[in-house]
Amino acid sequence: MRIHFTRADLARTHVVSGPDVMWEVVGSLQALQAGYGRRTFGQWRWQARHDLRDAGLARPVRDRLFPVTPHAAYYPDLLTPVEGGLGLDEAVDAILSTPRRRLCTEIGRLSGGPGQGAWLDDLRAARSAALAELGATVRAYHRLSIEPHWPAVRACVDSDLARRRQALREGGVHDLLNSFRPMMRWNSPVLEIPAHPSGRDVHLGGRGLVLIPSYFTRLHPNTIFDARLPQVITYPAVHPAVAVARRDVVLDRLLGDTRAAALRGVAGGSTTSELALRVGVSLPTISHHTGILRDAGLIVSRRTATTVLHTLSPLGEELLAGRSRGGHERGAG
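Residues numbered from 1 in each chain as written. Predicted model: local features only at pLDDT ≥ 70, side-chain atom pairs only at ≥ 80, totals over all residues. Heavy atoms only, no water.

**Student:** Help me get a handle on the packing of helix α11 (residues 257–266) against helix α13 (residues 283–295), residues and values and all.
**Tutor:** With their axes 10 Å apart at the nearest point, α11 and α13 run at an angle of 75 degrees to one another. Between α11 and α13, the crossing angle belongs to the class labelled roughly perpendicular. Within the contact between the two elements, α11 uses T258, R259, A262 and L263 and α13 uses I286, H288, H289, I292 and L293. Of the residues contributing to the contact of α11 with α13, the split by class is five nonpolar, three polar and one charged. (Axes fitted to C-alpha atoms, helices over the stretch in contact; angles between N-to-C directions. Helix = DSSP H or I, 4+ residues; strand = E, 2+ residues; numbered from the N terminus. Parallel < 35°, antiparallel > 145°, perpendicular 65-115°, else oblique. Contact = heavy atoms within 4.5 Å. Nonpolar A, V, L, I, M, F, W, Y, C, P; charged D, E, K, R; others polar.)

Structure representation (structure tokens):
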């Protein structure tokens, strides 16, 4: 894909101030469907599926959200309105206020899978019940699967933005655009996106370009499908993968492989039997390790009826996050 700039476009090109909630929602839904990014999203994906099942939302997400956010070259632009930078309520309101003609056009491009036709037909016809269900399902999915992870999303996006703003300060918009190599190549006046599934040319025509780093965007930068709309590129934010990998090695050496795996498995909450299954050890063995972690002040265990629920203590959260007791991030970036 090639995006063509004029001088006016360069003057109007900028990065956003923080994460965009709907780009993160859409990206996470695609990560949930496709299963890519095992190291980056493996734990999140397990937790999301677990929470959605427990809340009775697994089927609504599968039947209502997956069809409109397929892991494919196209999904409707209306799902990522500019209001996404303001917050979830503003974004959902914008989606539900989409003009009927635009709904018909954009939803109409979706092919849908078996049994999805009626749902897509209802959305395409802008039926009020279908739109209300879409909005309610997006809100419920966000509450369970995105909101608890928002601090990590914001930290990752903010770290990436700091890098882009430094490039902009030091060398202007040309250095900003050059900072995206190799995922995007700036050969003035054209920005090329080699891995983009579309081979088309987009002429900005003086509108400029908005650049949005995204925690859940992984495989390649995403763009707006309709060339007449304000143009946006959402690109994979740089995850501190090296720092995380180094921190995991240190944690394994400190606690031992099995106990470190148990501590990671407790993140988000886990019963003793769930933890034993996740770590791959027997119930007596996992009980031994959780007892040591509890005595060390890294986890908290609460009995409810016949089960024991383990959660991370503040100290355990700090240890997994790689933070000192003063709360400063170490080695990220």
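**Student:** Talk me through the pattern of salt bridges; I want residue IDs and the actual numbers.
**Tutor:** Summed over all chains, the structure comprises eleven salt bridges. R2 is the salt-bridge partner of D201, the closest N and O atoms lying 2.8 Å from each other. Highlighted residues: D201 in strand β5 (residues 201–203) and R2 in strand β1 (residues 2–4), separated in sequence by 199 residues. When its relative accessible area of 37% is taken as the criterion, D201 is described as partly exposed. Connected through shared salt-bridge partners, D89, D93 and R139 make up one network. (Salt bridge = Lys/Arg side-chain N within 4 Å of Asp/Glu carboxyl O. Buried < 20%, exposed > 50% of the residue type's maximum accessible area, 1.4 Å probe, protein only.)

**Student:** Describe the packing of aromatic side chains, and please don't skip the residues or the numbers.
**Tutor:** Taken as a whole and assessed by the stated rule, the structure comprises nine aromatic pairs. For the ring pair F41 and Y215, a centre distance of 5.9 Å and an interplane angle of 65 degrees mean the geometry is edge-to-face. Of this pair, F41 sits in helix α3 (residues 38–54) while Y215 sits in the loop between β6 (210–214) and β7 (222–223), and the two are 174 residues apart along the sequence. Relative accessible area serves as the criterion here: at 0%, F41 is assigned to the buried category. Residues F180 and Y235 carry aromatic rings whose centres are separated by 4.7 Å and whose planes lie at 70 degrees to one another, so their mutual orientation is edge-to-face. Of this pair, F180 sits in the loop between α9 (150–178) and β3 (185–187) while Y235 sits in strand β8 (residues 232–236); the two residues are 55 residues apart in sequence, bridging distant segments of the chain. Residue classification places F180 among the buried residues on the basis of a relative accessible area of 1%. Classification of Y235 as buried rests on a relative accessible area of 0%. (Phe/Tyr/Trp six-rings, centres within 6.5 Å; stacked < 30°, edge-to-face > 60°.)

**Student:** Provide a residue-level description of the sheet that holds β1, including the pertinent values.
**Tutor:** Sheet strands pair via backbone hydrogen bonds, and the direction of the pair is either parallel or antiparallel. Spatially, four strands are ordered β3-β4-β1-β5 in an open sheet, and the strand pairing comes out mixed. In this open sheet, the two edge strands, each paired with only one partner strand, are β3 and β5. When strand polarity is set aside, the average angle formed by the axes of neighbouring strands in this sheet is 20 degrees. (Pairing = 2+ DSSP bridges.)

**Student:** Could you give an account of the nonpolar core, naming the residues involved and the relevant values?
**Tutor:** Within the largest apolar cluster, 70 residues are counted, with the highest numbers of intra-cluster contacts made by F5, V68, Y141, L191, L211 and I233. Dropping the residues within four chain positions of it, V68 is found in contact with Y75, P76, L79, I107, L110, W119, L120, L123 and L134. Counting residues in each nonpolar core, the second largest holds twelve residues, with A276, I286, I299 and L312 among its members. (Core = buried A, V, L, I, M, F, W, Y, C linked by side-chain atoms within 4.5 Å.)

**Student:** Describe unusual backbone geometry, and please don't skip the residues or the numbers.
**Tutor:** Following R181, the chain continues into P182 via a peptide bond in cis, with omega recorded as 5 degrees. You will see that A126, though not glycine, has its phi angle at about 60 degrees, which is positive. Structurally, A126 can be placed in the loop between α7 (117–124) and α8 (128–146).

**Student:** Please set out α3 residue by residue, giving values where relevant.
**Tutor:** Residues three or four positions apart in an α-helix share a direction because the helix packs 3.6 residues into each turn. With 17 residues, α3 extends 23 Å from end C-alpha to end C-alpha; this agrees with the ideal 24 Å at 1.5 Å per step. Residues of α3 that are buried: F41, W44, R45, Q47, A48, H50 and L52. Elements in contact with the buried residues of α3: α2 (21–34), α4 (58–65), α8 and α12 (272–279). (Expected span 1.5 Å × (residues − 1).)

**Student:** Residue-level account of the packing of helix α6 (residues 100–108) against α7, with values.
**Tutor:** The geometry of α6 relative to α7 is characterised by a closest axis approach of 8 Å and an angle of 155 degrees between their N-to-C directions. As far as their axial angle goes, α7 and α6 are roughly antiparallel. Contacts from R100, L103, C104, I107 and G108 in α6 reach L120, L123 and R124 in α7. Its residues assigned to classes, the contact of α6 with α7 shows five nonpolar, one polar and two charged.

**Student:** Break down the environment of L52 for me, with residues and values.
**Tutor:** Tracing the backbone through its elements, the reader meets L52 in helix α3. Given a relative accessible area of 3%, L52 falls into the buried group. In the structure, L52 is positioned 75 residues away from R127 in sequence and 26 Å away in space, judged by C-alpha atoms. If we skip the residues at most four places from it in the chain, L52 touches L32, L57, A58, V61, Y141, L144 and S145.

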